[in-house]
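Structure assessment
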Protein chains: 2
Amino acid sequence: MTRTFTAHDPRTGDPVEPSFSEADTAAVDAAASAAAAAAPALAALTLDARATLLEAIADALEADGPALIARADLETALGEVRLTGELGRTTGQLRAFAALVREGAHLGVVIDHGDAAATPARPDLRRMLVPLGPVAVFGASNFPLAFGVAGGDTASALAAGCPVVAKAHPSNAGTSALVAAAVTRTVTRLGLPEGTFTLLQGAGHEVGSALVTHPQVSAVGFTGSLRGGRALADLAAARPEPIPVYAEMGSQNPVWITPAALAARGVKIAQALAASATLGVGQFCTKPSVVFVPPDADAFVHALTEAVAAAPLGPMLDARIEAHFVARRADLAALTGVTDATAARTSDARGGVDAGVLVTDLTTWSREPLLREECFGPLIVVVRCRADELVDAVATVPGGLTASVWSEPDDVADRTLAAALVDRAATRVGRVLHDGVPTGVAVSWAQQHGGPYPATTAASSTSVGMHAVDRFLRPVAYQDMPEALLPTCLHGANPWSVPRRVDGHLELP
Amino acid sequence: MTRTFTAHDPRTGDPVEPSFSEADTAAVDAAASAAAAAAPALAALTLDARATLLEAIADALEADGPALIARADLETALGEVRLTGELGRTTGQLRAFAALVREGAHLGVVIDHGDAAATPARPDLRRMLVPLGPVAVFGASNFPLAFGVAGGDTASALAAGCPVVAKAHPSNAGTSALVAAAVTRTVTRLGLPEGTFTLLQGAGHEVGSALVTHPQVSAVGFTGSLRGGRALADLAAARPEPIPVYAEMGSQNPVWITPAALAARGVKIAQALAASATLGVGQFCTKPSVVFVPPDADAFVHALTEAVAAAPLGPMLDARIEAHFVARRADLAALTGVTDATAARTSDARGGVDAGVLVTDLTTWSREPLLREECFGPLIVVVRCRADELVDAVATVPGGLTASVWSEPDDVADRTLAAALVDRAATRVGRVLHDGVPTGVAVSWAQQHGGPYPATTAASSTSVGMHAVDRFLRPVAYQDMPEALLPTCLHGANPWSVPRRVDGHLELP
């Protein structure tokens with residue numbers, strides 16, 4: 001019997017039509033098989049044809065923009081302004097990957113000419129990166145478009161030349177269906193194989209498990225919880241043929257404020273952090289969750305509490321997330337050594353949760369594992385430190401996506417402290433910021449959205465920015481291959497005008 | 001009680017002095033902790049200092065060359081000529097990685113300048129690759145030097161800036177100890193931290209398991225058996241913080257001969273394959289193990305059998321490997337549908353095993369899983385095919401390191417067949433050769449020594465060639481960071497003169 005489910009309106013808790021059928025094993029198998037069947041044709045596309053696909057998907061999503069945004073707002077309550085921006089980010093990254101494909105650096109072309117006179121004789125070797133094969137993409141709940149079924153994972157997988165089987169997040173099932181319709185329409189219009197992109201719906205874990213363990217799936221992209229990401233990674237590692245799982249699973253995004261910065265700008269920093277921690281109801285993987293402050297931070301804590309309490313908040317993404325946040329916040333506030341600076345406030349009937357500021361000390365922070373787990377939602381923990389504890393505190397923070405340091409560049413003593421903080425933080429996270437908030441992840445070549453476990457399952461990868469394409473490629477070398485049998489991009493005359501390394505030297509076209 | 005063991009002389013089976021103590025848990029912990037303590041200093045070295053370390057290790061190994069080669073020959077029976085070449089390969093790749101480090105492209109420097117006027121404002125983002133942390137390296141049995149404790153894995157890990165804890169293969173424990181002494185002497189002479197390189201000895205699995213599960217180990221490099229590599233990968237995936245395992249576990253290295261090539265050069269191809277399959281007593285991970293031949297291959301099979309039977313063979317690397325080979329060969333020869341073309345031969349008291357040629361058909365090959373597993377040793381299987389079966393046979397071969405196609409480039413029909421074989425083979429392996437044998441793996445920029453599982457646990461990586469360094473790096477981005485707090489290689493003026501991507505454009509220094 002086919003099970004069905006619906007998404008829910010976070011503002012009312014009511015189910016929203018239509019209902020979706022949970023994909024069964026046969027549907028997962030059909031999707032993975034269609035993807036495998038499409039793989040050779042996608043891999044064989046010229047760079048221009050591959051770029052055109054990405055651009056056409058962007059165009060189709062834009063054409064459907066109003067309907068997409070309305071549906072996404074109904075299912076997430078994130079609001080039209082935010083979702084309009086998110087659609088722009090989604091189409092922008094599709095087009096950015098199209099430009100990347102046209103340049104061709106991602107092919108990693110290397111040519112070492114042979115030398116029959118060498119001892120031993122050196123063969124002619126030519127190396128390029130080829131698509132891994134079908135990629136399973138798991139849409140996220142908190143970014144229904146930019147990290148949804150045609151978000152960064154799908155854009156980078158298609159840019160690599162990999163077919164995609166996307167699993168919609170059940171809380172934005174309707175949005176995902178509309179996005180998928182736009183992608184599928186584009187694939188059909190361009191005459192590409194049907195298996196280039198397939199959407200699967202499911203409210204339980206079964207669809208995802210079947211997908212990750214399917215023998216024709218070659219890699220996985222996931223954005224979501226630590227529990228979910230680790231479960232998929234464990235399934236993938238236990239396969240007869242293990243496959244890579246690129247799971248981005250969240251982060252504490254710790255913040256350090258130096259004594260000089262606290263003295264000079266404590267209140268302003270508090271206001272910036274409050275805005276960042278409550279943005280999107282605190283439902284960002286880059287939300288600053290913990291701030292390490294030196295002594296004399298009372299004014300900072302006061303300003304942070306005021307600003308957090310005053311932040312406009314809507315409902316959270318779904319009832320499960322909201323219940324988890326409320327319970328976790330209560331558990332944290334009840335810990336010995338933790339004070340709830342916002343405890344006096346009660347719900348003011350804004351229809352959402354209350355944001356919170358908890359205050360503790362380094363001993364408590366170091367002792368209580370619960371404090372060091374991500375708490376998804378508008379909560380920020382202040383850890384009061386001695387000035388000489390700030391640097392050592394870096395080692396107490398789990399691997400993460402970001403770390404931020406606020407310091408006074410013109411104060412020599414402060415710069416020494418900041419340098420130590422930045423250097424240490426770089427060993428624990430993928431992105432280190434100065435005087436800024438970690439929310440807002442620019443899509444560009446230099447972006448790094450990843451980090452040591454538990455931030456991700458693959459610290460050497462990024463899920464945002466141009467280098468996300470690297471996750472879905474693998475190298476192949478051709479030895480002494482006649483040009484007639486070589487892929488075009490490896491021909492000597494460089495017909496695709498790609499950057500290359502030839503006989504050890506980098507060459508630009 | 002400390003357990004001890006010795007290596008053995010493969011020519012006599014006798015133990016060779018000295019005996020080595022099995023590292024206990026405390027020794028593993030001390031090694032990993034020392035490596036973790038050394039990591040920041042190694043990461044902070046200038047490119048020149050890091051390159052100097054690699055070159056000085058090469059010099060030290062060369063200075064100790066005669067002793068190293070003598071000991072390696074005693075423990076492996078591979079002979080002075082082969083081991084002299086292997087030492088050259090070992091020092092050559094250390095020096096090649098030094099040159100790579102000096103160029104600095106491996107740092108992957110990317111700079112995206114900020115734009116405060118953009119909507120939303122774009123931050124300044126600068127990205128580079130940093131060392132992963134301590135790497136556990138497992139020395140291989142079949143290349144005591146080039147894939148030993150200062151082989152390609154160690155060279156590439158040090159090039160990345162990672163400390164190394166090396167586990168010697170017990171069958172070349174003495175060679176490994178001499179190599180480690182040269183490395184350690186160099187580390188001391190250069191004033192680098194002791195934990196830069198540590199050697200651990202062990203004959204059982206305990207040392208390796210303790211090392212791979214140690215919380216301060218960040219990545220693993222391994223060359224060896226499928227069973228061993230998979231066991232380490234499973235241990236690493238089940239850690240509280242999973243780490244990447246780069247295990248190269250062998251391959252079938254299938255060969256295809258087109259009808260035109262068979263007709264034109266069948267006997268010559270047979271002789272080349274026989275030499276490759278028996279080189280080093282067939283103990284290469286790139287040994288060609290299976291040849292798919294079209295009809296009319298009788299002369300080929302005859303020539304192959306003659307050449308294999310005439311090949312000079314010594315003893316195998318150790319008694320366990322030899323016993324496994326003899327048993328596996330007998331099991332394979334006993335399969336219904338398999339003929340032992342060399343069955344009439346008996347041991348001719350050369351002090352080694354007999355090389356073998358087995359002949360079968362595609363149905364038997366596809367039916368018997370044992371045929372499709374790597375058989376380590378001088379054995380080659382001929383699969384007789386119909387001409388129209390050759391291409392479909394590609395799908396029957398497990399993921400591998402190499403595939404080879406022999407064809408006649410000037411024959412149009414033959415080129416079409418060859419193109420199909422090459423394209424299909426590229427989906428299953430890391431290196432595709434034309435008219436050549438897969439043994440002999442050049443160390444260069446374009447080399448790819450890796451491939452889909454079960455060839456390796458990470459198809460996107462190579463364990464030979466310059467790109468091996470990529471395995472031990474991860475990206476870090478700096479956002480809006482004052483130059484005084486940035487790593488030198490990210491400064492605007494490019495003080496280290498490294499290739500960069502700036503505002504989307506590749507730039508050479």
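It should be noted that the structure appears before, not after, this text.
First things first, this report covers the structure right here in the doc. (Residues numbered from 1 in each chain as written. Chains lettered and ligands numbered in written order. Predicted model: local features only at pLDDT ≥ 70, side-chain atom pairs only at ≥ 80, totals over all residues. Heavy atoms only, no water.)

1. Brief notes about the overall build of chain A
Helix and strand counts for chain A stand at 13 helices and 19 strands. Computed over C-alpha atoms, the radius of gyration of chain A comes to 24 Å, within 12% of the 23 Å expected from 2.2 N^0.38 for 509 residues, which places it in the range of a compact globule. Oriented by its inertia axes, the alpha-carbon framework of chain A measures out at about 75 × 65 × 40 Å. Excluding contacts between residues fewer than 6 apart, the proportion of contacts in chain A whose partners are at least 24 apart in sequence is 76%. Summed over all atoms, the accessible surface of chain A reaches about 17,900 Å², with 58% contributed by carbon and sulfur. Averaging the coordinates of the 37 positive side-chain charges in chain A and doing the same for the 52 negative ones gives two points 1 Å apart. (Helix = DSSP H or I, 4+ residues; strand = E, 2+ residues; numbered from the N terminus. Rg over C-alpha atoms; globule rule 2.2 N^0.38 Å. Contact = heavy atoms within 4.5 Å. Areas by Shrake-Rupley, 256 points an atom, 1.4 Å probe, with all protein chains shown as cover. Lys, Arg positive; Asp, Glu negative; His and termini not counted. Charge placed at Lys NZ, Arg CZ, Asp CG, Glu CD.)

2. Brief notes about the packing of aromatic side chains
Here the structure, examined in full by the defined rule, presents 14 aromatic pairs over all chains. Ring geometry for F292(A) versus W365(A): centroids 5.5 Å apart, planes at 90°, classification edge-to-face. Of this pair, F292(A) sits in strand 11 (residues 290-293) while W365(A) sits in helix 12 (residues 362-367); the two residues are 73 residues apart in sequence, bridging distant segments of the chain. On the basis of relative accessibility, which here comes to 0%, the residue F292(A) falls in the buried class. Note on W365(A): relative accessible area 0%, which makes it buried. When the ring of F143(B) is compared with that of F147(B), the centres are 5.1 Å apart and the planes differ by 55°; the resulting orientation is tilted. In terms of burial, F143(B) and F147(B) fall into one category: buried. Among the aromatic residues, those joined into a ring-pair cluster are F143(A), F147(A) and F284(A). Lying over the aromatic face of F143(B), R82(B) brings its terminal NZ or CZ to 4.4 Å of the ring centre. (Phe/Tyr/Trp six-rings, centres within 6.5 Å; stacked < 30°, edge-to-face > 60°. Buried < 20%, exposed > 50% of the residue type's maximum accessible area, 1.4 Å probe, protein only. Lys NZ or Arg CZ within 6 Å of the ring centre and 35° of its normal.)

3. Brief notes about the interface of chain A and chain B
Between chain A and chain B, the residue contacts involve 63 residues of the former and 63 residues of the latter. Carbon and sulfur atoms supply 59% of the area that chain A and chain B bury against each other, a total of about 5,000 Å² over both sides. Linking chain A to chain B there are two salt bridges. E103(B) is paired through a salt bridge with R501(A); the nearest N and O atoms lie 3.0 Å apart. Residue assignment for the side of chain A that touches chain B shows that the elements contributing at least two residues are strand 3 (109-112), strand 4 (125-131), helix 8 (226-237), helix 13 (412-426), strand 16 (429-434), strand 17 (473-479) and strand 19 (505-507) of chain A. Class assignment for the residues of the side of chain A that touches chain B results in 35 nonpolar, 13 polar and 15 charged. (Buried area = accessible area lost by both parts, 1.4 Å probe. Salt bridge = Lys/Arg side-chain N within 4 Å of Asp/Glu carboxyl O. Nonpolar A, V, L, I, M, F, W, Y, C, P; charged D, E, K, R; others polar.)

4. Thoughts on the relation of the copies chain A and chain B
For the match of chain A to chain B, the screw axis carries a shift of 0.0 Å, the RMSD comes to 0.0 Å, and the turn is 180°. Both copies are brought into coincidence by an operation consistent with a two-fold rotation axis. In terms of C-alpha distance to the rotation axis, chain A has A237(A) as its closest residue, with the C-alpha 3.2 Å off the axis. With an isologous cut-off of 70% or more, the 100% of interface residues of chain A that recur at the interface of chain B puts this contact in the isologous class. (Least-squares fit on C-alpha atoms with pLDDT ≥ 70 in both.)

5. Let's talk about helix 9 (residues 259-278) of chain A
All names here are of chain A. Its 20 residues give helix 9 an end-to-end C-alpha distance of only 25 Å, which falls more than 12% under 28 Å, the value for a rise of 1.5 Å per residue. At R265, helix 9 shows its maximal bend, which comes to roughly 90°. Within helix 9, the full set of buried residues consists of A260, A261, L262, G266, I269, A270, L273, A274, S276, A277 and T278. Turning to helix 9, the residues buried within the fold contact strand 10 (255-257), strand 11, helix 10 (298-310), strand 14 (379-384), strand 15 (400-406) and helix 13. Just past helix 9, the residue G280 takes up positive phi, approximately 60°. (Expected span 1.5 Å × (residues − 1). Bend = angle between axes of the 7 residues up to and from the residue.)

6. What about the environment of T90(B)?
Residue and element names in this part refer to chain B. Looking at the element boundaries, T90 is found in helix 4 (residues 80-103). Judged by its relative accessible area of 2%, T90 is buried. As a C-alpha pair, T90 and R230 span 140 residues in sequence and 26 Å in three-dimensional space. Every residue in contact with T90, bar those within four places of it in the chain, is listed here: L61, L145, A146 and A150.

7. A few points about the sheet that holds strand 18 (residues 500-502) of chain B
With mixed pairing, 12 strands are arranged side by side in an open sheet as 12(A)-13(A)-14(A)-11(A)-10(A)-15(A)-16(A)-17(B)-4(B)-3(B)-18(B)-19(B). In this open sheet, the two strands that pair with only one neighbour each are strand 12 (339-340) of chain A together with strand 19 (505-507) of chain B. Pairing geometry for strand 18 of chain B and strand 19 of chain B, over three bridges, is antiparallel. Pairing of R500(B) across the sheet is with E507(B), part of strand 19 of chain B. The sheet contacts of helix 13 of chain A involve strand 10, strand 15 and strand 16 of chain A together with strand 17 (473-479) of chain B, and relative to strand 16 of chain A the element is tilted by about 160°. (Pairing = 2+ DSSP bridges. Axes fitted to C-alpha atoms, helices over the stretch in contact; angles between N-to-C directions.)

8. Let's talk about the sheet that holds strand 7 (residues 197-200) of chain B
Hydrogen bonds along the backbone pair up the strands of a sheet, which may run parallel or antiparallel. All names here are of chain B. Spatially, 7-6-5-8-9 is the arrangement adopted by the five strands of the open sheet, whose pairing is parallel. Edge strands, defined here as strands with exactly one partner in the open sheet, are strand 7 and strand 9 (245-248). Averaged over all pairs of adjacent strands, the angle between strand axes in this sheet comes to 15°, irrespective of strand direction.

9. Re the side chain of R329(B)
All names here are of chain B. Relative to the elements of secondary structure, R329 occurs in helix 11 (residues 319-333). In this structure the side chain of R329 is engaged in a polar contact, spanning 2.7 Å, whose partner is the backbone oxygen of D354. Engagement of the side chain of R329 in a polar contact is seen with the backbone oxygen of A355, the distance being 3.2 Å. Sequence-distant contacts of R329, that is, excluding residues within four places in its chain, are made with D340, T342, D354, A355, G356 and L379. (Polar contact = N/O pair within 3.5 Å; in protein donor to acceptor, adjacent residues only side chain to side chain.)

10. Remarks on the nonpolar core
In this structure, I257(A), F292(A), F300(A), I257(B), F292(B) and F300(B) are the most contacted members of the largest nonpolar core, which totals 263 residues. Leaving out residues up to four positions away in the same chain, F300(A) has contacts with I257(A), L262(A), G266(A), I269(A), A270(A), L273(A), V291(A), V293(A) and V382(A). (Core = buried A, V, L, I, M, F, W, Y, C linked by side-chain atoms within 4.5 Å.)

11. Some details on the environment of G108(B)
All names here are of chain B. As for its placement among the helices and strands, G108 is situated in the loop between helix 4 and strand 3 (109-112). On the accessibility criterion, G108 (24% relative accessible area) is partly exposed. Sequence separation between G108 and L190 is 82 residues, and the spatial gap between their C-alpha atoms is 27 Å. Residues in contact with G108, not counting those within four places in the same chain, are R127, M128 and L129.

12. Observations regarding the pairing of strand 9 of chain B
All names here are of chain B. Of the two faces of strand 9, the one carrying V245 and A247 and the one carrying Y246 and E248 are both buried. Of the strand pairs in this sheet, strand 8 (residues 219-223) and strand 9 are connected by four bridges, and their pairing is parallel. By the bridge assignment, V220 is partnered in strand 9 with V245. Note that the unit made of strand 8, helix 8 (residues 226-237) and strand 9 has a crossover that is right-handed. (Right-handed = clockwise from strand over helix to strand, strands pointing away.)

13. What about the state of the cysteines?
All names here are of chain B. Going through the model one piece at a time under the given rule, you end up with zero disulfides over all chains. Not part of a disulfide, C385 finds its nearest cysteine sulfur in C375, a span of 20 Å. On the accessibility criterion, C385 (6% relative accessible area) is buried. (Disulfide = S-S within 2.5 Å.)

14. Thoughts on unusual backbone geometry
Following E17(A), the chain continues into P18(A) via a peptide bond in cis, with omega recorded as -5°. Within the fold, P18(A) resides in strand 2 (residues 15-21). Although it is not a glycine, D296(A) sits at a positive phi angle of roughly 65°. Along the polypeptide, D296(A) turns up in the loop between strand 11 and helix 10. A positive phi angle is found at D480(B), which is not glycine, with a value near 50°. Inspection of the secondary structure puts D480(B) in the loop between strand 17 and strand 18.

15. Thoughts on the pairing of strand 5 (residues 135-138) of chain B
Residues and elements named next belong to chain B. Here strand 5 shows two buried faces, one formed by V135 and V137 and the other by A136 and F138. Direction of pairing for strand 5 relative to strand 6 (residues 164-167): parallel, over a ladder of four bridges. When the sheet's bridge partners are listed, V135 is paired in strand 6 with V164. On the question of chirality, the crossover connecting strand 5 to the parallel strand 6 by way of helix 5 (residues 152-160) is right-handed. As paired elements, strand 5 and strand 8 share four bridges and run parallel to each other.

16. Some remarks on the side chain of T439(B)
Residues and elements named next belong to chain B. Tracing the chain through its elements places T439 in the loop between strand 16 (429-434) and strand 17. Accessibility expressed as a relative area gives 10% for T439, which makes it buried. A distance of 2.7 Å separates the side chain of T439 from the side chain of S276, its partner in a polar contact. When residues no more than four places from it in sequence are discounted, the contact partners of T439 are S276, L279, F284, T286, K287 and P288.

Interpretation in functional terms is not warranted from these geometric data alone.
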